[in-house]
Amino acid sequence: MGEEKQQSASTANSVNGSLQLRHVLTFLFVVVGSCIAIASLSLTSFSFILRSQMLSRFSLQPSALFLPQPPLPSLPVPLVNIPRAYYSDYSVSDKENVTHNMDDDELFLRALTVPQNQEYADDYTPKVSFMFLIKGPLPLAPLWEKFFEGHEGFYSIYVHSDPSYNESLSEDESVFRGRRIPSKKVEWGQFNMIEAEKRLLGNALLDASNQRFVLLSESCIPLFNFSTVYSYLINSTQTFVESYDLPGSVGQGRYNPLMQPEITLQQWRKGSQWFQMDRELALEIISDNKYMPLFKKFCEPPCYSDEHYIPTVTSMKFSVRNTNRTLTWVEWAKVSAHPTRFGKMHVTDELLNGIRSGGNCTYNGKETNVCWLFARKFRPDTLHRLLKMASEIMKF
């Protein structure tokens with residue numbers, strides 16, 4: 001009996017101990033749970049207050065939240081990573097004066113002897129040649145300065161102006177300084193317009209790094225930043241020379257049967273003179289002694305060689321690699337010998353964005369709405385407005 005009582009007492013003590021331990025654990029669980037609930041409630045309240053403050057803050061600027069952003073142009077082309085140049089000696093050749101004493105025949109011969117396989121050189125960087133065919137001053141030069149800024153070594157500039165124009169094109173530190181080539185008089189609608197274009201190509205071909213050639217006027221503007229323009233041109237597998245068959249008096253009606261058999265009516269083409277071509281086509285143009293004499297002899301006003309010569313030759317010899325379109329936009333809103341000229345009151349966001357992304361064409365076999373990289377004709381009074389829009393719309 002004594003042993004049984006001792007065992008019973010021992011068992012009771014054990015049960016009481018267990019109950020006390022359970023009570024302690026339950027108490028601790030309640031305390032910890034309450035702390036967690038309080039902390040969670042505090043964090044929720046803080047989060048609610050913070051969110052309310054943020055919404056209250058942003059509600060003062062509804063445009064930042066609710067205004068839809070304009071769609072970006074569809075550009076199916078890999079952008080080339082162009083490092084910005086900060087060194088004065090980045091590209092010595094671009095800073096040299098392009099003046100020389102060669103006549104046209106010597107120039108073309110020299111251009112044809114320039115080595116053509118520079119892409120295999122270790123320090124080779126393909127460049128785009130921007131060739132300005134102008135009468136005298138370049139009123140939109142500040143816009144182009146901003147466009148070229150920081151991309152030295154990836155472009156070359158050549159300017160053909162009337163020999164009677166003796167004033168400086170720009171300031172001493174300008175990218176246009178020293179870039180005027182030996183020029184001759186050019187008249188609208190005359191064959192010497194073609195000779196000037198050929199002269200620009202000849203000078204640009206002296207630099208073996210120039211792989212793309214863009215013809216521009218004093219009223220042209222860039223529609224995109226330099227990186228986009230450079231990538232679009234350098235990555236393209238085709239050339240951009242507008243060339244099409246046009247029945248009627250201003251198309252086939254300008255053809256002279258005396259051009260046969262070298263050029264037939266079926267081969268006759270019309271197009272814009274503002275081209276963007278590659279080096280192979282440029283070499284073909286400056287070396288042509290077969291078709292150019294025919295145009296000089298048989299294409300006189302109302303036949304205009306600048307609208308027919310390069311489009312016809314390109315169609316005859318490079319039709320497979322040519323897009324038959326130009327990258328320079330222009331508006332023919334009325335029946336006239338000249339396109340629409342835009343003044344400062346015409347330059348709006350809607351106009352520029354419409355040109356930038358309002359096209360429908362193909363690029364390297366893929367559809368895109370980016371069909372123009374440049375536009376004309378913009379009057380000198382548009383400069384200040386274009387400079388303001390450059391960073392917002394054209395992104396340079």
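**A short note on the sheet that holds strand 2 (residues 155–160)**
Spatially, the four strands line up as an open sheet ordered 2-1-3-5, and their pairing is mixed. Two strands in the sheet have a free side with no partner beyond their single neighbour: strand 2 and strand 5 (276–278). The average undirected angle you get between the axes of adjacent strands in this sheet is 20°. Pairing of strand 3 (residues 210–216) with strand 5, which is carried by three bridges, proceeds in the antiparallel orientation. Among the inter-strand pairings, F213 is bridged to a residue of strand 5, identified as M277. Strands in contact with helix 7 (residues 279–287) are strand 3 and strand 5; relative to strand 5, the strand with the most contacts, it is inclined by about 95°.

**A short note on helix 7**
The element helix 7 is largely enclosed, with a buried count of seven among its nine residues. Inspection of helix 7 places R279, L281, A282, L283, E284, I285 and I286 among the buried residues, and these make up the whole buried set. On the buried face of helix 7, the contacting elements are helix 3 (104–112), helix 5 (192–205), strand 3, strand 5 and helix 9 (309–318).

**Looking at the packing of aromatic side chains**
Under the counting rule described, the total for this entry stands at 25 aromatic pairs. Relative to Y230, the ring of F154 has its centre 5.6 Å away and its plane inclined at 90°; by these criteria the two rings are edge-to-face. Here Y230 lies in helix 6 (residues 226–234) and F154 lies in the loop between helix 4 (141–148) and strand 2, a separation of 76 residues in the sequence. Accessibility expressed as a relative area gives 6% for F154, which makes it buried. Y230 sits in the buried class, given a relative accessible area of 3%. Taken together, a centroid distance of 5.4 Å and an interplanar angle of 40° make the contact between W188 and Y304 tilted. Placement of W188 in the loop between strand 2 and helix 5 and of Y304 in the loop between helix 8 (292–298) and helix 9 is noted, with a sequence separation of 116 residues between them. An aromatic cluster is built from F130, F132, W144, F147, F148, F154, Y155, F176, F226, Y230, F374 and F396, whose rings are joined through pairwise contacts.

**Here's the deal with the side chain of H160**
Locating H160 in the fold gives a position in strand 2. You can call H160 buried: its relative accessible area is 1%. Excluding anything up to four places from it in sequence, H160 contacts F132, L133, I134, I181, S183, K184, V186, A196, R199 and L200.

Calculation notes
- Every chain is numbered independently, its residues counted from 1 as its sequence is written.
- Confidence filtering applies because this is a predicted model: local features only for residues at pLDDT of at least 70, side-chain atom pairs given and counted only at 80 or more, and all residues used for totals across whole chains, interfaces and linings.
- Water and hydrogen atoms were dropped before computing side-chain values, which therefore reflect all heavy atoms in the structure.
- The pairing criterion is simple: DSSP has to find at least two bridges between the two strands.
- Here a strand is any run of E in DSSP of at least two residues, a helix any run of H or I of at least four, and the numbering for each starts at the N terminus.
- Helix axes use the C-alpha atoms of the stretch in contact, all axes being lines fitted to C-alpha atoms, and the angles between their N-to-C directions lie in the range 0 to 180 degrees.
- Contacts are assigned to residue pairs that have any heavy atoms within 4.5 Å of one another.
- Throughout this description, buried means an accessible area under 20% of the type-specific maximum (1.4 Å probe, protein chains only), exposed means over 50%, and partly exposed covers the range between.
- Whether two aromatic rings pair depends on their centres lying within 6.5 Å, for rings of Phe, Tyr and Trp, where Trp uses its six-membered ring; planes under 30 degrees apart make the pair stacked, over 60 edge-to-face, and the rest tilted.

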